[in-house]
Structures are given as structure tokens and as C-alpha cells.
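# Inside the fold
Each chain, letter by letter, is given below.
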Amino acid sequence: MIPFSPDVFFALFEEYNLAIWPAQLVAYGLGLLVLALVFRPSRAASAVIGAILTAFWLWAGLVYHWYFFAPINFAAPVFAALFGLQALLFFWRFLIRVDMTFAFRRDVTGAAGLTLMVLALAVFPLFEIAAGHAWPQSASFGLTPAPTVLFSFGAILLARPRIPLLVLVIPFLWTMIGTATAWAVGIPENMLLPAAALLSLIVIIRQRRRMA
Amino acid sequence: MTRKRHSIFQPTRRVVLGGVASAGVAAAAGPLLPGLSLAAPAARLTRTIPSTGRTMPAIGMGTWITFNVGASRKLRDARLKVLQTFFDMGGGMVDSSPMYGSSEEVVGHCLARIENDQTLFSATKVWTMSEAMGKRQMKASAELWGLETFDLMQIHNLLDWETHLRTLRSWKERGRFRHIGITTSHGRRHDDLAEIMRTEPLDFVQLTYNVLDREVEARLLPLAADKGIAVIINRPFRRGALFGKFERQPLPAWAEEAGISNWAEFFLKFIISHPAVTCAIPATSKVEHMRENMDALKGPMPDAAMRLRMVDYVESL
Ligand SMILES: NC(=O)c1ccc[n+]([C@@H]2O[C@H](COP(=O)([O-])OP(=O)(O)OC[C@H]3O[C@@H](n4cnc5c(N)ncnc54)[C@H](OP(=O)(O)O)[C@@H]3O)[C@@H](O)[C@H]2O)c1
């Protein structure tokens, strides 16, 4: 029950991108900062990463879903609430309960996390171009759901000492919603989402088994 | 936006004449081919709403997905042409709902920009829970369309129908709506719908019917005819899937003689020739598709024998 057609969906992206420009540059810069900070882990760096993830989800919830998307989709307010809730969870998990550090280590978990972050920042835009959804009809990093969820999966996998499960519930849920939409509307680049979710699941199970 | 005010449906002379002509000529000429009745070439099929005696063209327009184009100027301009074509070709009913995203707003935007919409039969829905929310939503719809009254207000998918039906009746008495009705597109709600049709005074029901989905033929269509309820047919193309299924297949050899020149006409003539059907509401985003759809109002209409032949043909493919 998707109430819009692909041309409308991409026209909306275009309208959104032009309206929020140059927020895309800021978001991309923040993404690169997160990438740099995972190589210099500290409590302060982790708080900064937590704040950036909170901001990404809050923006995608309020500005993308609530403000831009709601006029064409009756489900958008629910999506906005989900993204808002995820922002709250990030805030609580990484800025209030400061007992975790985002850190890259040379192990399977670290490699998977880093891969997903790089996918979101560098590979996803290439997939978009290949699918014919180049700027301004592209999904902006950090400001639209798909690349934000992809990036969040990567960052969460790098949280130490243990990958926090609570902050993964909504990204997994969104993967299902986003994949179904992508399938119906025809957004092949969004098929990176289920791949990321699957990789995350494997890494989590592996980590839990090793810790047990 | 300059907001203009449409009054309730007032059929143009042209449309009424079309209906009279088709009925009259068909009766005089008798069948051309077995199973076919002849209509004057330019006549357009109209139907009468049993409860009020008003006539309307037997093809209207749906707006699910197709008119939900948001704020995009380019897409709004494209839909404006679709709606213009609809009215140019004698269209009447436009069906929408608050569920359809920006569709109501886009319809209002287009109506404010076209002059040839005198035959408009405005139909929308209430789709929410509670009396207060329903009232608020129906007022918002009127604002979005740029109308003071609706020709038809329907309860979408039976949602909170007892509550809304009270409001609909009282607002109809006060002249805000000319007709009231209820809709579904789910077979599993047919029992409930049948019960409502039997027990509540309704002007319209809206349900799904097409050459493949014919469940309503057994009970709901005869019930509507019996109770004098007008019937709107949604999903006449099974959301476009009928084209995907049959488009590459040839039309039957007898199609041309039957006044059917493309699959859209085949599907629509099958529906609107059912005696209990008042109006089918195909949705389209394309002017050329609108032309094909509206062309189904013209020419000979299949009779019962031909309708069976049409079913046999698609089932043989
Ligand atoms: N419960 C309810 O109240 C309810 C439920 C369902 C539907 N409805 C109403 O019924 C309306 C019709 O149903 P629907 O929109 O679901 O489906 P539909 O009218 O059966 O099919 C619409 C699809 O058919 C395609 N189409 C239209 N004319 C065509 C042509 N001549 N040639 C080829 N393709 C053509 C359209 O694509 P193009 O844009 O490319 O032409 C569109 O994808 C809705 O818009 C809505 O107003 C109400």
C-alpha cells in the first residue's frame, strides 16, 4: 500500500535536496568526522558520535518524514515518530549512559562496522548514480533514511565493549519497511539495507557467541 | 490560489443527451451482432443514481497514487492536463480520499485552474476514527478541493462507519453532501458491507469489480440493484495489473465489431455494461490513457451474452 509512484518519490527527493542545500555538505562532513573519531576512541569522541547519530535521526524524522514526506504518505507521521524515538535512544545510550566507546579494532566486528560506514558514505552514492538516481534525486547522506540507517548499522557495530542491541531494533525495523518500499517503488540501491542488516546480525551473533 | 466554489453536480445538457441518445438509439436499432447493442457513435453512456434520479457519465476518475504528486509543479501541470482531458471527454465523478496523500489538494489545485469542469461530481471519503476527527477531516477536504459541498461523501473502507454514518446523514440533511455512501476494496469486508446495505439508507456503495474479480456479481451487485443503491467500481484494472497480464495478448477477433479497440475499452466496457453498475473510476496519470478510458463511454455496450464471451476470452488466455 504505497500511495505514491516512483516519479513522485524522486521528485520529492529533488524538492527536498534543493530546499535543504547545503545541509548535505554539513551532514557529509559530520559523517567523515565520525569515521575519523572511531580511529581515536575516547569517551568524548564517543559522545560526539552519539550526538551526531542523534542529530541525523532527529533530522530525518522531523524534516524528512514529518515535514517533507507526510504530504504524500499517510504513514509518514508514524515513521517520523520511529526516527524520533531512535534519536532519543541514541541520546540516552551514548550521551546519558556513557558506558560505551566507538572504536575501530582490527577484527571481524571492526571490519564489518567500517565497511558499512564506508558503504554509506562512498558506495551508496555510486549505486544511486548507477540506478539513475543522481543528484538532485539522490538520498542525501545523514538526512534521508537509507544512507543514515546504513551508516548507523556500521557505527553501532563499532560500539565497545558489546554491540548494544536496543539501538538496533529500529534500524532493523526500518530495514524491513525500507526494503519493501524499495522493492515496490524500484530503488535498487536500497537493497544495500537488507545486506547491511544481515551482516550486522551475523556479526552480533558471532560476538555474543564468543562472549558467552 | 483563487478559490472557486463549485455547486453540487449539475449534469450538462451534453451529457444528459448522450445518455438519452444511447438508450434511445440502442432500443430502436436492436442488436448488431449477437450480444451487442448499438449506440449512436458519439453518445456517451450515462447512468442514473437511483436515490436522486440524477444522471452521470458511467466513467469517472480515481486519484489513488496518480494525483498524489505533492508540490512538484511539473507533475501538477501534467495532472492538470489529465483532468482537463477527462472533462473535455465528458467526465463527471472524481473520487479521492484523505488517505491518498496530496491527491485532494492536487485535485483542488487543478480544479481552480480549469474552466471545463461543470460536469464535476465531487466524491471523497472520511477515513479516520471518531466523530470529531471525522468532522475535522471532512471540513479539511472541502477546503482542499475548494468546494462548499460534496456531491458524494463516503466512509472509506468501513472505518468507524457507525459513527461517521450519523454525521453523514445529518450533514446531508443540512445540504453539505448531496449523496452519501460507503466503500471497500476487500472481499473479506463483503459480509459487513452487505449487512450495511440491507439495513442502512445509502445512496452509493463503492467496491471492486473487473473482468477477473467478479465476486460481487453473486450477491452485492444484485443487492445494490434491489435496494436502489448506486454502485461505483474501484480498481477496474486491478490497479493496472490487468494490463500487465493481457496487454501483450491480442484482442478477440470480434473486438472491433464490438466497438472495442484496445484493452482499456475491453475492461471498462465489461464493467459499465453491468446493469447494476453506475460508474467505474479508473485512475491514470497519462493523457493518452485518459482518452482510451473515456472512449469506453462511447459505442456499443456488451449485453449479458457478450459479457460472458468476454470472461471466457480472458480466461482462455
Ligand atoms: N476502498 C476504497 O475506497 C478504494 C480502494 C481502491 C481504489 N479506490 C478508488 O478507485 C480508483 C481506481 O482504482 P486504482 O487506482 O487502485 O486502480 P485501477 O484504476 O484499476 O488502475 C490504475 C492503474 O492503471 C493504469 N492505467 C489506467 N488507464 C490505463 C490505460 N488506458 N492503459 C494502461 N494502463 C492504464 C494506471 O497507470 P497510468 O498512470 O500509467 O495510466 C494505474 O497504474 C482509485 O484511484 C481510488 O480512487 C477506492
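Residues numbered from 1 in each chain as written. Chains lettered and ligands numbered in written order. Predicted model: local features only at pLDDT ≥ 70, side-chain atom pairs only at ≥ 80, totals over all residues. Heavy atoms only, no water.

A few words on the overall build of chain B. From N to C terminus, chain B includes eleven helices and twelve strands. Across the 317 residues of chain B, 58% fall into the buried class. Look at the contacts in chain B between residues 6 or more apart in sequence, and 78% of them connect residues 24 or more apart. Total accessible area on chain B is roughly 12900 Å²; 51% of this is exposed by carbon and sulfur atoms. (Helix = DSSP H or I, 4+ residues; strand = E, 2+ residues; numbered from the N terminus. Buried < 20%, exposed > 50% of the residue type's maximum accessible area, 1.4 Å probe, protein only. Contact = heavy atoms within 4.5 Å. Areas by Shrake-Rupley, 256 points an atom, 1.4 Å probe, with all protein chains shown as cover.)

The biggest cluster of nonpolar side chains holds 155 residues, and the ones touching the most others in it are Leu 83 and Phe 266 of chain B. Ranked by residue count, the leading element in this core is helix 3 (residues 43–69) of chain A, at ten residues. Sequence-distant contacts of Phe 266 of chain B, defined by excluding residues within four places in its chain, comprise Val 211, Leu 251, Pro 252, Trp 254, Ile 260, Met 310, Tyr 313 and Val 314 of chain B. Residues Ile 49, Ala 123, Cys 279 and Ile 281 of chain B belong to the second largest nonpolar core, which totals eleven residues. (Core = buried A, V, L, I, M, F, W, Y, C linked by side-chain atoms within 4.5 Å.)

Moving on to the interface of chain A and chain B. Between chain A and chain B, the contact holds twelve residues from the first and 13 residues from the second. Between chain A and chain B, the buried area comes to about 1000 Å², and carbon and sulfur atoms account for 66% of it. It is Met 1, Pro 3 and Phe 74 of chain A in chain A that bury the most area against chain B; as a group they hold 41% of the surface buried on that side. Counting every contact that joins chain A to chain B gives one salt bridge. (Buried area = accessible area lost by both parts, 1.4 Å probe. Salt bridge = Lys/Arg side-chain N within 4 Å of Asp/Glu carboxyl O.)

A word on the sheet that holds strand 11 (residues 279–280) of chain B. All names here are of chain B. Within the open sheet, the eight strands sit side by side as 4-5-6-7-8-9-10-11. Their pairing is parallel. Of all strands in the sheet, those bounded by a partner on one side alone are strand 4 (61–62) and strand 11. In terms of strand pairing, strand 4 meets strand 5 (residues 93–95) through two bridges, oriented parallel. Of the residues in strand 5, the one forming a bridge with Gly 62 is Asp 95. Taken strand by strand, helix 2 (residues 73–88) contacts strand 4 and strand 5, and its axis lies near 150 degrees from that of strand 5. (Pairing = 2+ DSSP bridges. Axes fitted to C-alpha atoms, helices over the stretch in contact; angles between N-to-C directions.)

Okay, the environment of Pro 147 of chain A next. The topology assignment puts Pro 147 of chain A in helix 6 (residues 145–157). Not counting chain neighbours up to four residues away, the residues in contact with Pro 147 of chain A comprise Ala 120, Phe 124, Ala 139, Ser 140 and Phe 141 of chain A.

What follows deals with unusual backbone geometry. Between Trp 21 of chain A and the following residue, Pro 22 of chain A, the backbone shows a cis peptide bond with an omega angle of 5 degrees. Take Pro 22 of chain A: it is sitting in the loop between helix 1 (6–20) and helix 2 (23–37). Omega for the peptide link from Arg 160 of chain A to Pro 161 of chain A comes to 10 degrees, which places this bond in the cis form. Mapped onto the fold, Pro 161 of chain A is located in the loop between strand 2 (159–160) and helix 7 (169–185). A positive phi angle, close to 50 degrees, is found at Asn 157 of chain B, a residue other than glycine. For Asn 157 of chain B, the position within the fold is in the loop between strand 7 (150–155) and helix 5 (161–173).

Residue and element names in this part refer to chain B. Around the ligand lies a shell of 31 residues, among which Asp 95, Thr 284, Ser 285, Lys 286 and His 289 are the nearest. Separating an oxygen atom of the ligand from a backbone N or O atom of Ala 283 is a distance of 3.0 Å. Burial of the ligand by the protein amounts to 89% of the accessible area it has alone, namely 900 Å². For the shell around the ligand, the element with the highest residue contribution is helix 10 (residues 287–295), accounting for three residues. (Near = heavy atom within 4 Å. Polar contact = N/O pair within 3.5 Å; in protein donor to acceptor, adjacent residues only side chain to side chain.)

Residues and elements named next belong to chain A. At a closest axis distance of 10 Å, the pairing of helix 2 and helix 3 adopts a crossing angle of 150 degrees. With respect to helix 3, the element helix 2 is oriented roughly antiparallel. Seen from above, helix 2 lies across helix 3 with left-handed handedness. The segment helix 2 lies against helix 3, with Ala 23, Ala 27, Leu 30, Gly 31, Leu 33, Val 34 and Leu 37 engaging Ala 45, Val 48, Ile 49, Ile 52, Phe 56 and Trp 59. Class assignment for the residues of the contact of helix 2 with helix 3 results in twelve nonpolar, one polar and no charged. (Parallel < 35°, antiparallel > 145°, perpendicular 65-115°, else oblique. Left-handed = near helix turned anticlockwise from the far one by under 90°. Nonpolar A, V, L, I, M, F, W, Y, C, P; charged D, E, K, R; others polar.)

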